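Per-entry structural report
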Amino acid sequence: MTRARWSLLFVALALAGVAGLTLGPVRIGLGGVLRALAGAGDIQTVGIVRDLRLARVVLAVITGAGLGMSGAALQGTLRNALAEPYLLGVSGGAAVGAVLAVVAGVSAPGALPLAAFAGAAGAVALVLLIARAARGRADPRVLLMAGVVVGAFANAAIMVLLAGAGEGTVRNALWWMMGSVSGADWRTIGWLSVYATAAGVALVAVARDVDLLALGEDAAAGLGVRVADATRRIFLLAALLAAITVAGAGLVGFVGLVVPALARALGARRAREVLLASAVVGAALVVGADVVARTVRAPAELPLGAVTAIVGVPFFLMRLRRTA
Amino acid sequence: MENEPALYSCPGHRRRARARTRCLLAVIAATSACGAPASDRHPESAPTAVRIVDDFGDTLRLAQPAAHVVSLNPVTTEAIFALGAGARLVGRSRWDSSPDAARQVPDLGDGLQPNIEAVLAARPDLVVLYAAAANRAAAAAFRRAGVQTLALRTDRVADLARVLHALGLALGDTTAAASVADSVQRSLDAVRAMPRRTRPVSVFWHAWDAPVITIGAGSYLDELVVAAGARNVFGDMAQPSPQVTLESVVQRNPDYVLAGPRAARRLRADARWQAVPAVRAGRILVVDTSLVGRPGVRMGEAARALRLLIDSAAGVRP
């Protein structure tokens, strides 16, 4: 990727961020926003800019970057442009873990991502097992079917868990499953950013394995990659990233699908580049989608997952046509 | 029809106590032709045929007042007790907790999309339902099973008089229904007639926080706020319970935030809600959600409680 294109990506992210900080029911100019960010101005404006808008933008950045990188890693390793955490049932598994934690009364902001991760890792293992049983690990259709099955099972599991839960828990869970960053608060963001940074850095560190695995398992083995170990490591990191986003923002679909494709369209080739570019594109996309979610029907708010699905589904169909 | 071998003998039953109560009620109904029991207030001694068109458009026909009633809506359950017919209830929904005596009535589960079998097992001759689309199938199922249904909408202040009248007809005591409706109306009017505040007060009603849900113009709680002499900051929204962004709450800048006790604690502790000036200044008024939540026979009491709550807070304001 050229330097100009990288700059373009960062400009897009910056613009989305500015939109996220300046647009809203309370009119605050760019100057007012900057002063509020610095902590100057009246306490109410500072509260709006820092605790409401900036927190949402930061959570959207984490969500978008996490989903983008997760999708890029899964697509590269599986050599399948349709792989993404939502469609592969990974997000669904993470949701089961998180709902289980909430129903069990665990609500510490640090524990929720871990519970989601346990669920996501379980879902990855299940998808790969099903795909292997059908002897079609490399076949995109088998993998997607396995993902759909695991996702449907995850949904059913959540319904069972919620059947015995209180009215409030159910309402919270349903809203959260539609995806939203409206619940952004700094304590949660602190935990999520620690996990996300660790998983993101680890994923970039194993980017070379993603490149080699993309050549095919035999070729990768010939080049000295311990295929099973490397694959497992990458999947787990991708699952962790997806789980972090689920813990913070619920189920936000199709970002992991659209974003790596955009990164590649912009000229990213090597896995490292695709991963990093996907992080930036994903962040910009989700920040932008959240601005749409909270402004088109203001003062009401759309679920973020609905906005990303509106963008993502036509894109998915286009890719499916090209792959088929 | 009863499948039990004989009306007057109580067959062995797992839940003996309940079965016995049912038998007892059956006996009362069977003997009521000879002499009306003291617990049932029938205005006329001869049974009258009743015909009511309910809020689903279904026609309810009763040869005599309903004797075994399942009420699956907190508002109607409370109203049936207010009409002095609580003893005729053989089932209620899990949400019906008022009056206290309602808790003694068997809990048959949810009031929306109820468990049909559980309700039929209570052998009612009338099922009172909340008239929501989700209950249409249940109403049809009860009617197919030969049980009469009365679906009533209980969403607004104005609904209550109609609900009381319909229940009065079904239970054979329209006099009691008219007198309860009248007393509710008078208590509500008394609150509305309280002197206007020198300075208008605006409120934000916190119904939920993830997502943020409040009350709009189409809701009973909006009517209650107006009756209490205040203005709902989202009173311009047509939906009864609109979902709004937290920032729009900041923008509309209510004088007070009304919330239930648990929600109030959450709001005080949540950094994001501090952006709302009323929350930051501690102007959160804790409402008794069990009293104000439903447009039932206690709505006058609820409006008065709300008015006094706002008055006491507004009085201490600088």
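Residues numbered from 1 in each chain as written. Chains lettered and ligands numbered in written order. Predicted model: local features only at pLDDT ≥ 70, side-chain atom pairs only at ≥ 80, totals over all residues.

A word on the sheet that holds strand 12 (residues 284-286) of chain B. Residue and element names in this part refer to chain B. What the four strands build is an open sheet, ordered 10-7-11-12; its pairing is parallel. Every interior strand has two partners, whereas the edge strands, strand 10 (231-232) and strand 12, have only one. With two bridges connecting them, strand 7 (residues 202-205) and strand 10 associate as parallel partners. Looking at the pairing, Val203 lines up with Asn232 of strand 10. (Pairing = 2+ DSSP bridges. Helix = DSSP H or I, 4+ residues; strand = E, 2+ residues; numbered from the N terminus.)

Taken together, the contacts link 17 residues of chain B with 21 residues of chain A. Looking at the side of chain B that touches chain A element by element, the count peaks at five residues for helix 8 (residues 246-252) of chain B. Of the residues belonging to the side of chain B that touches chain A, the class tally is 10 nonpolar, five polar and two charged. (Contact = placed C-beta atoms within 7 Å. Nonpolar A, V, L, I, M, F, W, Y, C, P; charged D, E, K, R; others polar.)

As a further point, take the confidence of the model for chain B. Residues and elements named next belong to chain B. With 84% of its residues at a pLDDT of 70 or more, chain B shows a mean pLDDT of 84. Looking at the elements of chain B, mean pLDDT is at its lowest for helix 1 (residues 16-31), recorded as 35, and at its highest for strand 3 (residues 69-71), recorded as 97. Taken over the whole predicted complex, pTM reads 0.79, whereas the ipTM for its chain interfaces reads 0.73. (pLDDT = per-residue confidence, 0-100.)

Attention shifts here to helix 11 (residues 227-249) of chain A. Owing to its 3.6 residues per turn, the α-helix brings residues three or four apart onto one side. Residue and element names in this part refer to chain A. Spanning 23 residues, helix 11 covers 33 Å between terminal C-alpha atoms, matching the ideal 33 Å at 1.5 Å per step. Counting buried positions along helix 11 yields 17 of 23 residues, so the element is predominantly enclosed. Phi turns positive one or two residues past the end of helix 11, at Gly250, with a value near 75°. (Expected span 1.5 Å × (residues − 1). Buried ≥ 20, exposed ≤ 12 C-beta atoms within 10 Å, placed from the backbone.)

A word on helix 12 (residues 255-265) of chain A. Across the 11 residues of helix 12 of chain A, eight count as buried, placing the element largely inside the fold. Two residues or fewer after helix 12 of chain A comes Gly267 of chain A, characterised by a positive phi angle close to 110°.

Residue and element names in this part refer to chain B. For strand 1 (residues 50-53) and strand 2 (residues 59-62), the ladder comprises four bridges, and the chain directions are antiparallel. Paired with Arg51 across the strands is Arg61, a residue of strand 2. Hairpin connection of strand 1 to strand 2: five residues between the antiparallel strands, including Gly57 at a positive phi of 85°.

Attention shifts here to the pairing of strand 4 (residues 89-92) of chain B. Residues and elements named next belong to chain B. Across three bridges, strand 3 lies against strand 4 in parallel orientation. Bridging across to strand 4, Ser71 finds its partner in Arg92. As a crossover connection, the stretch from strand 3 through helix 2 (residues 74-82) into strand 4 is right-handed. (Right-handed = clockwise from strand over helix to strand, strands pointing away.)

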